[in-house]
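What follows is each chain in one-letter form.
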Amino acid sequence: MGKRSAASRERLAILAELWLFLKKRKRLWLAPLLIILILLGLIVVFTESSALAPFIYAIF
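Just so it is clear, the structure is predicted and the values come from calculations on it, not from any experiment.

**As for the overall build of the chain**
Moving on, step 1. Each helix and strand in the chain was counted, giving three helices and zero strands.
Moving on, step 2. The N-to-C order of helical and strand elements in the chain reads α-α-α.
Moving on, step 3. Counting every atom, the chain has about 5,700 Å² of accessible surface; 71% of that belongs to carbon and sulfur.

In structure tokens:
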């Protein structure tokens, strides 16, 4: 199997640490909010230079 890059491992470590923080502090209700924010960010990044951009911007 291939080795993961250092940046990839750091991203996973940050996500794991965030999850442990939410779990320990009993803030699991924040998880859906974070997931939605991440998904919206990904939509903006991936549609930035595509033909779908005008339709996505019309939604907001």
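More follows now that the structure is in view.
**Concerning unusual backbone geometry**
Moving on, step 1. The backbone of Lys26 shows a phi angle near 60°, a positive value even though the residue is not glycine.
Moving on, step 2. Residue Lys26 is classed as exposed on the basis of its relative accessible area of 65%.

**Let's talk about helix α1 (residues 6-24)**
Moving on, step 1. Taking 1.5 Å as the rise per residue, α1 with 19 residues should run 27 Å; its terminal C-alpha atoms sit 27 Å apart, in good agreement.
Moving on, step 2. In the stretch just after α1, Lys26 is the one whose phi turns positive, near 60°.

**Digging into a nonpolar patch on the surface**
Moving on, step 1. A cluster of nonpolar side chains, Ile35, Ile38, Leu39, Leu42, Val45 and Phe46, forms an exposed patch at the surface whose accessible area comes to about 610 Å².
Moving on, step 2. Tracing the backbone through its elements, the reader meets Ile35 in helix α2 (residues 30-47).

**Let's talk about the packing of α1 against α2**
To characterise two packed helices, one gives the angle between the axes of the helices and the distance between these axes.
Moving on, step 1. Packing of α1 against α2 leaves a shortest axis separation of 10 Å and a crossing angle of 150°. As the angle between them shows, α1 and α2 are arranged roughly antiparallel. Contacts between α1 and α2 involve Leu18, Trp19 and Leu22 on the former and, on the latter, Leu30, Ala31 and Leu34.
Moving on, step 2. Of the residues contributing to the contact of α1 with α2, the split by class is six nonpolar, no polar and no charged.

**Comments concerning the environment of Trp19**
Moving on, step 1. When you line up the elements, Trp19 lands in helix α1.
Moving on, step 2. Taking the relative accessible area as the measure of exposure, Trp19 reaches 42% and is therefore partly exposed.
Moving on, step 3. Residues Trp19 and Ala31 lie 12 residues apart in sequence; the distance between their C-alpha atoms is 8.2 Å.
Moving on, step 4. Residues within four places of Trp19 in sequence aside, it is in contact with Leu28 and Ala31.

Criteria and thresholds
- Residues numbered from 1 in each chain as written.
- Predicted model: local features only at pLDDT ≥ 70, side-chain atom pairs only at ≥ 80, totals over all residues.
- Heavy atoms only, no water.
- Helix = DSSP H or I, 4+ residues; strand = E, 2+ residues; numbered from the N terminus.
- Areas by Shrake-Rupley, 256 points an atom, 1.4 Å probe, with all protein chains shown as cover.
- Buried < 20%, exposed > 50% of the residue type's maximum accessible area, 1.4 Å probe, protein only.
- Expected span 1.5 Å × (residues − 1).
- Patch = residues over 30% accessible without salt bridge, like charges linked within 9 Å, V, L, I, M, F, W, Y side chains within 5 Å.
- Salt bridge = Lys/Arg side-chain N within 4 Å of Asp/Glu carboxyl O.
- Axes fitted to C-alpha atoms, helices over the stretch in contact; angles between N-to-C directions.
- Parallel < 35°, antiparallel > 145°, perpendicular 65-115°, else oblique.
- Contact = heavy atoms within 4.5 Å.
- Nonpolar A, V, L, I, M, F, W, Y, C, P; charged D, E, K, R; others polar.

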